[in-house]
Amino acid sequence: MTERQRFRETLYQIELLKRRRVQSFLLDIGLTPGQGQARILMYLSGHSMVSQKEIADSCMLDVTTLSRVLDKMEKMGLLLRERDARNRRAYMVRLTDQGIGKAEEVKEGFRQLEDMMCDGMSEQKVGEITKTLLKVRDNLKAMGETG
């Protein structure tokens, strides 16, 4: 196996292990994995009232998918949608008190995940790895834009 193959395989294994851990955590706190609920909660926790389009753009979710996820989250009591006074076809979204609490649970779970992933590494080492991974991400983005 070449170093490049080992690199690719290691990234794949990391993603699978991380995904399993996150899925288990999300199910434990009553969220549905794979729908972007955690990302939406994290985004809304930093904003008081935003449009659905802003959420879709920031969380990299399709607008139609987002609408279904927001419907479910609203039924769960995590957020409220109100008509946008400036555009009657648009909605503004905000967290409820229950949603704020759930966002805090998500933040804590992700902090614990970060602690697990970075265990035994200095901040400097984490920074070096992050810099390398950002280069990988940028390479993949550039590849998507040209081909």
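Residues numbered from 1 in each chain as written. Predicted model: local features only at pLDDT ≥ 70, side-chain atom pairs only at ≥ 80, totals over all residues. Heavy atoms only, no water.

Novice: Would you mind going over the sheet that holds strand S1 (residues 50-51) with me for this structure?
Specialist: Backbone-to-backbone hydrogen bonds pair the strands of a sheet. The strands run either parallel or antiparallel. The antiparallel open sheet is built from 3 strands, whose spatial order is S1-S3-S2. Of all strands in the sheet, those bounded by a partner on one side alone are S1 and strand S2 (79-84). The sheet strands contacting helix H2 (residues 37-45) are S1, S2 and strand S3 (87-95), and the helix crosses S3 at an angle near 90°. Docked against the sheet, helix H4 (residues 63-75) engages S2 and S3, running at close to 125° with respect to S2. (Pairing = 2+ DSSP bridges. Helix = DSSP H or I, 4+ residues; strand = E, 2+ residues; numbered from the N terminus. Contact = heavy atoms within 4.5 Å. Axes fitted to C-alpha atoms, helices over the stretch in contact; angles between N-to-C directions.)

Novice: In this structure, what is going on with the layout of surface pockets? I would like to understand it.
Specialist: Gaps left between atoms show up when a probe the size of a water molecule is rolled over them. Taken as a whole, the largest pocket spans an internal volume of roughly 1,100 Å³. Counting residues per element, the lining of the largest pocket draws most heavily on helix H1 (residues 3-28), at 11 residues. Partitioned by chemical class, the residues of the lining of the largest pocket number 14 nonpolar, 3 polar and 7 charged. Estimated volume of the second largest pocket: approximately 300 Å³. Forming the walls of the second largest pocket are 15 residues, and the residues nearest its centre are Val22, Leu26, Gly34, Gly36 and Arg39. Secondary structure elements with two or more residues in the lining of the second largest pocket: H1 and H2. (1 Å grid on protein atoms, 1.4 Å probe; cavity = no way out; pocket = protein on both sides within 12 Å on 5 of 7 lines; lining within 4 Å. Points joined across faces, edges and corners; volume = space filled by probe spheres on them. Nonpolar A, V, L, I, M, F, W, Y, C, P; charged D, E, K, R; others polar.)

Novice: Teacher, can you tell me more about the environment of Asp97 here?
Specialist: Within the element layout of this structure, Asp97 appears in helix H5 (residues 97-118). Separated by 96 residues in the primary sequence, Asp97 and Met1 place their C-alpha atoms 52 Å from one another.

Novice: Could you clarify how one ought to interpret H1 in this entry?
Specialist: Three or four residues apart is the spacing at which side chains of an α-helix point the same way, because the helix has 3.6 residues per turn. In a regular helix each residue adds 1.5 Å, so 26 residues correspond to 38 Å; H1 covers 37 Å between its end C-alpha atoms and thus fits that length. Turning to H1, its buried residues number three or more, namely Val22, Phe25 and Leu26. Backbone geometry just downstream of H1 places Gly30 in the positive-phi region, at approximately 90°. (Expected span 1.5 Å × (residues − 1). Buried < 20%, exposed > 50% of the residue type's maximum accessible area, 1.4 Å probe, protein only.)

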